[in-house]
Amino acid sequence: MSDFNNRPQIEVLAVSDGARRRHWSDEDKVRIVEESFIGHRQCAATARRHGVCRSLLTIWRREYRNGELGASRSAAFSPVSVTQDSPGSRPGQVDPFEPARDTQVEIALPNGRRLIVPTELEPEKLVRLIQLVERA
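Given the structure is predicted, the values throughout are model-derived calculations rather than measurements.

So, how was this worked out
- Residues numbered from 1 in each chain as written.
- Predicted model: local features only at pLDDT ≥ 70, side-chain atom pairs only at ≥ 80, totals over all residues.
- Heavy atoms only, no water.
- Buried < 20%, exposed > 50% of the residue type's maximum accessible area, 1.4 Å probe, protein only.
- Helix = DSSP H or I, 4+ residues; strand = E, 2+ residues; numbered from the N terminus.
- Pairing = 2+ DSSP bridges.
- Salt bridge = Lys/Arg side-chain N within 4 Å of Asp/Glu carboxyl O.

Now for the pairing of strand 2 (residues 114–118). Along strand 2, the buried face is formed by Leu115 and Val117; none of Arg114, Ile116 and Pro118, which line the opposite face, is buried. With 5 bridges joining them, strand 1 (residues 104–108) and strand 2 adopt antiparallel strand pairing. Note on strand 2: the bridge partner recorded for Gln104 is Pro118.

For the structure shown, the criterion picks out 3 salt bridges. Of the charged contacts in the structure, one is a salt bridge between Arg31 and Asp28, with a shortest N-O distance of 3.4 Å. With Arg31 and Asp28 both in helix 2 (residues 26–36) and 3 residues apart, the pair spans about one turn of that helix. The class of Asp28 is partly exposed, set by a relative accessible area of 27%. A salt bridge links Arg114 to Glu106, with the shortest nitrogen-to-oxygen separation between them at 3.4 Å. We classify Arg114 as exposed; its relative accessible area is 57%.

Below, the structure is given as structure tokens:
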């Protein structure tokens, strides 16, 4: 009973007493998002594990899919689709894992532009070409 009498009747709370907003780095966001894609129905469980609201993780996942998460980084992922020519377009039987010498790849950039480049183009030259097109 004595503890109850010694406690103050009114408690004053300051704004600084509440929980502070956390700021997640882009690397942390990407790590959490990639973890949420592992397995079936892992979004809510991953959010709980990291103390993140499920709706915030959903926003991060959408930004990740659209290539907007960590946009300041030099590398970004873009969706890729592979299309095949009709089977009769190539003479003879060709190894499906080895591209033909005269084949080309069409690259759709996030800014709406498209590049058509030969498959034997060196990766370093392709990176420079994409950077030039994105800046233009």
